[in-house]
Structure formats: structure tokens, C-alpha cells
Amino acid sequence: MKTIGVLGCGLMGAGIAQVSAAAGLRTIVLEVNEAVLARGLGRIEKFLATSVEKGKMTADEKARLLANLSGTTAYADLKDCDLVIEAIVENVDVKRQAYAAVEAVVGPHCLLATNTSSLCVTELAASTTRPDRFGGLHFFNPVPLMKLVEVIRALTTSDATHQALFAFAQALGKEPVTAPDRGGFIVNRLLIPYMLDAIRCLEGGLGTVEDIDTAMKLGCGHPMGPFTLTDFVGLDTTYFIANIMFEEFREARFAPPPLLKRMVLAGHLGKKSGRGFYQY
Ligand code: CAA
Ligand code: NAD
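For clarity, every value in this text was computed on a predicted model and none was experimentally measured.

Draft legend 1. The site of ligand 1, seen in detail. Around ligand 1 lies a shell of 18 residues, among which Lys56, Ser117, His138, Asn141 and Asn188 are the nearest. Within the side chain of Lys54, one N or O atom sits 3.4 Å away from an oxygen atom of ligand 1. One of the side-chain N or O atoms of Asn188 is found 2.9 Å from an oxygen atom in ligand 1. Relative to its unbound accessible area of 1,100 Å², ligand 1 is 63% covered by the protein chains. When contributions to the shell around ligand 1 are tallied by element, the ones reaching two or more residues are helix H2 (34–53), helix H7 (187–203) and helix H9 (226–233). Class assignment for the residues of the shell around ligand 1 results in 10 nonpolar, six polar and two charged. Here the shell around ligand 1 spans two domains, and each of domain 1 (3–180) and domain 2 (189–273) adds at least three residues to it.

In C-alpha cells, the structure reads:
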């Protein structure tokens with residue numbers, strides 16, 4: 001694979017585009033408009049500047065990475081891609097429309113992958129004209145720092161596609177694991193009920209946001225408490241994932257708590273909007 005397309009330059013797309021360009025691949029990241037694109041590319045620039053400051057990367061390495069990376073708002077610019085990774089909003093209909101726009105410009109050899117957290121990969125694959133050349137590449141936030149990638153096989157994913165996606169994750173320096181196409185795969189199957197349970201504990205008066213976070217950090221050695229983590233993931237994304245997993249399993253532990261719904265409706269989306277359980 002030489003040329004990689006990334007749909008979405010939000011929290012995840014920006015990170016995926018960054019690690020792809022860092023691996024020496026020509027990377028084109030697509031956004032809905034120039035303003036959002038500039039914000040996403042700015043996020044990459046900031047991470048790289050910090051990396052240089054911290055001595056993790058030289059200024060030359062940063063320049064080489066940025067030379068591999070370009071942004072666009074036009075699907076036509078993805079025409080030479082060997083792989084397009086979709087990292088846009090967690091919504092089936094929006095994702096399907098984006099795949100149709102990609103398939104109108106790319107060649108038949110091009111693989112499609114979704115970074116979905118919880119949607120049925122087989123359903124997404126089946127909505128394209130290449131269900132055998134479609135799979136899941138589930139990265140973790142923050143992408144440049146988290147080593148894991150879950151590589152998800154849809155029922156229709158061919159062996160060759162699965163192997164190519166697995167090898168791609170390795171080429172990025174990540175540690176891939178194969179995960180089944182079941183809502184939430186491996187990590188979110190365990191993590192999302194934990195995050196939702198913390199919100200239910202808050203609703204039930206178990207402790208303050210700060211005390212629950214401190215308890216889980218210091219008592220369990222977690223790098224972040226559950227509220228810092230939910231702010232970091234995005235309350236909207238957490239809410240979408242919870243609804244999708246509840247729809248899939250019909251188990252109360254996946255149901256979004258009322259407080260989460262209300263915070264999303266109020267626009268308190270976490271770190272990315274400046275306010276979630278904490279103020280930023
Ligand atoms: N640029 C360059 N390097 C950076 C950096 C930056 N902006 N920020 C941090 N780093 C480097 C640091 O230099 C450090 O490297 P060394 O260990 O070599 O010194 C390393 O990254 C860790 O950074 P820090 O120690 O400064 O920061 P930290 O201890 O606060 O760790 C963290 C940051 C890795 C994000 C940590 O807080 C963490 O692991 N949090 C949990 C994240 C998590 O659970 N993510 C999964 C979310 S769920 C998901 O993604 C799936 C889904 O579908 C919802
Ligand atoms: P985000 O809200 O930060 O970014 C989504 C971006 O997609 C936005 O910038 C938006 O403008 C863009 N977008 C929307 N529709 C588009 C389209 N049709 N074409 C191109 N761009 C479009 O969301 P995020 O947190 O980056 O999540 C993206 C995907 O990654 C979701 O499927 C989510 O479930 C998954 N995911 C999120 C996390 C996380 O921790 N936030 C972790 C793993 C996977």
C-alpha cells in the first residue's frame with residue numbers, strides 16, 4: 001500500500017492520518033469543509049510540535065511526515081488510494097453515503113476500512129460494492145500513543161483483505177489483534193459499560209466526579225478516571241456507541257444513562273467542546 005485516504009480529521013481521523021504519514025505512506029485526509037479540515041490539521045501540527053519539544057522527534061522527521069500528508073474536501077483527490085480508512089461520525093447512514101462517494105472515485109483494488117467503535121461491520125461492508133474488500137480497523141484514542149488496533153472481520157471480509165489490514169496496522173508500528181464483528185468488539189464490550197456505570201454512580205450520589213476519578217486512578221492504577229476518559233473520548237461518541245450497543249444486545253448495562261443524554265443535548269461533549277464533566 002502506498003497511498004492512504006482517511007475520511008474525517010476529528011479526534012480519530014487526525015491521529016490515523018498522522019500515524020499513516022509517519023509510516024512513510026502518502027496520506028490524504030478528507031473533511032466536510034475547509035474550516036474543520038484546518039482545525040484537524042492544526043491538531044496534528046500541535047502534537048508534532050510537542051513531540052519535537054519533548055525530543056521524541058527531530059524537526060527533520062516532522063517535516064518529512066508533513067510532506068507525506070495533505071488535506072482535502074474533494075473526494076476526487078482520493079482516486080489513487082490503495083486503502084481508505086473511514087473515521088467519521090458514528091452513524092450508519094452518514095458512513096454509507098461516504099462509502100458511495102469514495103467508491104465513485106477509487107479503483108477496484110482499493111480496500112475500505114471503518115474505524116467504527118460499535119457498528120456492525122458486516123452491515124457497513126454489505127452497503128458497498130466491495131464487501132470482500134472491507135473490514136474494521138479500530139484504533140484507540142490518542143492514536144499516536146495507543147499501541148492497539150482491533151482488526152475486525154466482517155462475515156464478508158476475504159482472507160486477503162484481513163491479512164492486508166492486519167499487516168497495515170503492523171506497518172504503522174501498532175500491535176493488532178483480530179476481533180469478531182460483535183458490537184463493541186473486545187475493548188468497548190468491557191470499557192463502555194464501565195464508563196456508563198461510572199455515570200450511573202454519579203447520578204446515584206456515590207461520589208463527586210473528582211472523587212470517583214481519583215478513586216479509580218489511585219485505587220486501580222488507571223491512567224485516567226472514568227470521567228476524564230469519557231470527556232476525552234467525547235460524550236457524543238460515547239452516547240452513540242451506548243445506543244448502538246444497547247440496540248444490539250438489549251442489556252441494561254449498555255443503555256445510556258439519562259445524565260449522559262442530557263449533557264450531549266446541552267452540547268457538553270467533553271474536551272473537544274471545552275466542557276464535559278470538567279471545564280477545559
Ligand atoms: N506529543 C508527543 N508525545 C506525547 C504527547 C504529545 N502531545 N503527549 C504525550 N506524549 C508522550 C509522552 O512524552 C510520554 O512518552 P514517554 O513515556 O516516552 O515519556 C507518553 O506519550 C505518555 O505521555 P505522558 O506520560 O505525558 O502523559 P500521560 O501519562 O498523561 O499519558 C495517555 C497520556 C497515554 C493518553 C494516558 O493518559 C492514557 O493512556 N489514558 C487512557 C487512554 C485510553 O484509555 N484510551 C482509549 C479510549 S477508548 C477508545 O479509544 C476506543 C473507542 O472506541 C471509544
Ligand atoms: P469526531 O467528532 O472527533 O470527528 C468526526 C469528524 O468526521 C468530524 O471532524 C466531522 O466533520 C467529520 N465528518 C463527518 N461526516 C463526514 C463526512 N461525510 N466526510 C468526511 N468527514 C466527515 O469523532 P471521532 O471521535 O474522531 O470518531 C470518529 C469515528 O471513530 C467514530 O466512528 C467513532 O465511533 C470512532 N472512534 C472514536 C474513538 C474516540 O475515542 N473518540 C475511539 C475509537 C473509534
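Draft legend 2. Just the pattern of salt bridges, in detail. Overall, the coordinates contain 13 salt bridges when judged by the stated rule. Between Glu45 and Lys62 there is a salt bridge, and its shortest N-O distance comes to 2.7 Å. Of this pair, Glu45 sits in helix H2 while Lys62 sits in helix H3 (residues 59–67), and the two are 17 residues apart along the sequence. Look at Lys62 and you get buried, because its relative accessible area is 17%. Between Asp197 and Arg200 there is a salt bridge whose closest N-O contact spans 3.8 Å. With Asp197 and Arg200 both in helix H7, this residue pair falls three residues apart, about one helical turn.

Draft legend 3. Region of the structure containing the side chain of Thr230. With respect to the secondary-structure elements, Thr230 resides in helix H9. A polar atom in the side chain of Thr230 sits 2.7 Å from the backbone oxygen of Pro226. Not counting chain neighbours up to four residues away, the residues in contact with Thr230 comprise Met195, Leu235, Thr238 and Phe277.

Draft legend 4. Quick peek at the domain arrangement of the protein. By the assigned domains, the protein splits into domain 1 (3–180) and domain 2 (189–273). A C-alpha centroid distance of 26 Å is found between domain 1 and domain 2. Tallying the contact residues gives eight residues for domain 1 and seven residues for domain 2. Between domain 1 and domain 2 lies a buried interface of about 700 Å² when both sides are counted; carbon and sulfur atoms form 74% of it. The tally of links from domain 1 across to domain 2 stands at zero salt bridges.

Draft legend 5. Representation of unusual backbone geometry. Each neighbour pair has its own omega, and for Asn141 with Pro142 the value is 0°, a cis peptide bond. Within the element layout of this structure, Pro142 appears in the loop between strand E6 (134–139) and strand E7 (148–153).

Draft legend 6. Representation of the pairing of strand E4 (residues 83–86). Neither face of E4 is open: one carries Leu83 and Ile85, the other Val84 and Glu86, and all of them are buried. Pairing of strand E1 (residues 3–7) with E4 involves four bridges; the strand directions are parallel. The residue bridging Ile4 from the neighbouring strand is Leu83, located in E4. Examined bridge by bridge, E4 and strand E5 (residues 111–114) share four bridges and lie parallel to one another. Among the inter-strand pairings, Leu83 is bridged to a residue of E5, identified as Leu111. In the classification by handedness, the crossover that spans E4, the intervening helix H4 (residues 92–103) and the parallel E5 is right-handed.

Draft legend 7. Representation of the side chain of Asn115. Along the polypeptide, Asn115 turns up in the loop between E5 and helix H5 (121–126). You can call Asn115 buried: its relative accessible area is 7%. Among all residues touching Asn115, those that are not within four sequence positions of it are Met12, Ile16, Glu86, Ala87, Leu137, His138 and Phe139.

Conventions and cut-offs
- Residues numbered from 1 in each chain as written.
- Chains lettered and ligands numbered in written order.
- Predicted model: local features only at pLDDT ≥ 70, side-chain atom pairs only at ≥ 80, totals over all residues.
- Heavy atoms only, no water.
- Near = heavy atom within 4 Å.
- Polar contact = N/O pair within 3.5 Å; in protein donor to acceptor, adjacent residues only side chain to side chain.
- Areas by Shrake-Rupley, 256 points an atom, 1.4 Å probe, with all protein chains shown as cover.
- Helix = DSSP H or I, 4+ residues; strand = E, 2+ residues; numbered from the N terminus.
- Nonpolar A, V, L, I, M, F, W, Y, C, P; charged D, E, K, R; others polar.
- Domains from an automatic or database assignment.
- Salt bridge = Lys/Arg side-chain N within 4 Å of Asp/Glu carboxyl O.
- Buried < 20%, exposed > 50% of the residue type's maximum accessible area, 1.4 Å probe, protein only.
- Contact = heavy atoms within 4.5 Å.
- Buried area = accessible area lost by both parts, 1.4 Å probe.
- Pairing = 2+ DSSP bridges.
- Right-handed = clockwise from strand over helix to strand, strands pointing away.

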